[in-house]
Amino acid sequence: MSKSAPAASEKARLMRRATYASVLVVLVLVAAKMAAWLQTESVALLASLVDSLLDGVASAINLLAVRHALTPADDEHRFGHGKAEALAGLGQGALVTGSALYLFITGIQHLITPQPIGSSPAGIAVMVLSILLTGGLILYQRHIVRQTGSLAIAADRLHYVADLATNLTVIAALLLASQPDYVWVDAVAALIVAAIIVKSAIDIVRGALDNLMDREMAEVDRERILTVVRQHSQARALHDLRTRRAGLQVFIQFHLELDPEISLRAAHRITDEIETELRRMFPGAGVLIHQDPAGYDDPVSEFVSPSGKPTGTG
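Source: prediction; values computed, not measured.

Looking only at helices and strands, one finds eight helices and three strands in the chain. Walking the chain from its N terminus toward its C terminus, one meets helices and strands in the order α-α-α-α-α-α-α-β-β-α-β. Contacts spanning at least 24 positions in sequence make up 75% of the contacts within the chain whose residues lie at least 6 apart. Counting every atom, the chain has about 15,400 Å² of accessible surface; 63% of that belongs to carbon and sulfur.

Take the environment of A266 next. On the secondary structure map, A266 appears in helix 8 (residues 264-281). In this structure the C-alpha to C-alpha distance between A266 and Q234, which are 32 residues apart in sequence, comes to 9.8 Å.

As a further point, take the confidence of the model for the chain. When pLDDT is averaged along the chain, the result is 77, and 79% of the positions lie at 70 or above. Put simply, helix 2 (residues 43-69) is where the chain has its lowest mean pLDDT, 72, and helix 8 is where it has its highest, 91. When the criterion is pLDDT under 50, residues 300-308 qualifies, and its contacts beyond four places in sequence or with other chains add up to 23 contacts.

For the rest of this paragraph, the subject is helix 8. Helix length check: helix 8, at 18 residues, gives a terminal C-alpha distance of 26 Å against a target of 26 Å (1.5 Å per residue), a fit within 8%. Where helix 8 is concerned, the buried positions are A266, A267, I270, T271, I274, E275, E277, L278 and M281. Looking at the packing, one finds that the buried side of helix 8 touches helix 7 (219-231), strand 2 (249-258) and strand 3 (286-293).

This paragraph deals with the packing of helix 7 against helix 8. In the contact formed by helix 7 and helix 8, the axes pass within 10 Å of each other and the chain directions differ by 145 degrees. In terms of crossing hand, the pair formed by helix 7 and helix 8 is right-handed. Of the residues in helix 8, those touching helix 7 at R224, I225, V228 and V229 are I274, E277, L278 and M281.

Once that is clear, we can look at the packing of aromatic side chains. For the structure on display, the rule yields zero aromatic pairs. Cation over ring: R244 sits above F251, and NZ or CZ is 4.2 Å from the ring centre.

Rules and cut-offs
Residues numbered from 1 in each chain as written. Predicted model: local features only at pLDDT ≥ 70, side-chain atom pairs only at ≥ 80, totals over all residues. Heavy atoms only, no water. Helix = DSSP H or I, 4+ residues; strand = E, 2+ residues; numbered from the N terminus. Contact = heavy atoms within 4.5 Å. Areas by Shrake-Rupley, 256 points an atom, 1.4 Å probe, with all protein chains shown as cover. pLDDT = per-residue confidence, 0-100. Expected span 1.5 Å × (residues − 1). Buried < 20%, exposed > 50% of the residue type's maximum accessible area, 1.4 Å probe, protein only. Axes fitted to C-alpha atoms, helices over the stretch in contact; angles between N-to-C directions. Left-handed = near helix turned anticlockwise from the far one by under 90°. Phe/Tyr/Trp six-rings, centres within 6.5 Å; stacked < 30°, edge-to-face > 60°. Lys NZ or Arg CZ within 6 Å of the ring centre and 35° of its normal.

Printed below as a string of structure tokens:
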């Protein structure tokens, strides 16, 4: 058997730690980039500063969204509050898109009328610091996403992955734009940063919409579910497999085909055994299994997997 995933309480702890780390890093970067921009007046550095400010807003949104998403289910929200993460992702996408438009306008203005920049060593030093801090945060967030599957942390990580490319672009711009013949490079770098930000926004919104629209789980996870059923000696087959995610919460439902001659008690025991294994594989999952006698002509239309393969096993 594969190693089980962390328990829900451990996932919650990891997610909170990731949001705190993100907020701390972005506060340091905003302060450093603000000081460097005041010295250089580089539009490329301004673009990086705006990006970090947006990261700060996004991290704050994530902090609130993760806290809300981890709130247990209640009488009015029986399926929990997990989709708060996806809503936060949409908010981040809107903020990121707005900042990109601002940077496009500013970059074009400076491309038409290039402006000399000030002390580039200060700006370069800040960008190197930014690369080091951002790289460390990305590695930590990648670990958290692998452990928890958090959409909000994954969206936040996309910001900082884009930041690495942004920071390298800004360093190149500061080195070149300090030469009189290459002042225009500063504005071009700002436009490149804006394009990177737009790509990040698209990825964030796509992931959030998948969650809100109840997109099926990844094919590899669906195959793991099918394998659990196949490996049970008394399970004949399954059909009508449906899955979805809502934040950390996973929902799995399907029709389980059993020997039509066994007792209700035996059918209940088999179902419990399969549910237990699925919840071991997907901690905290909501599992709903409908039992069918094998060979019964179920009128419900069979669903197919995202790859086009039928979900039935027999």
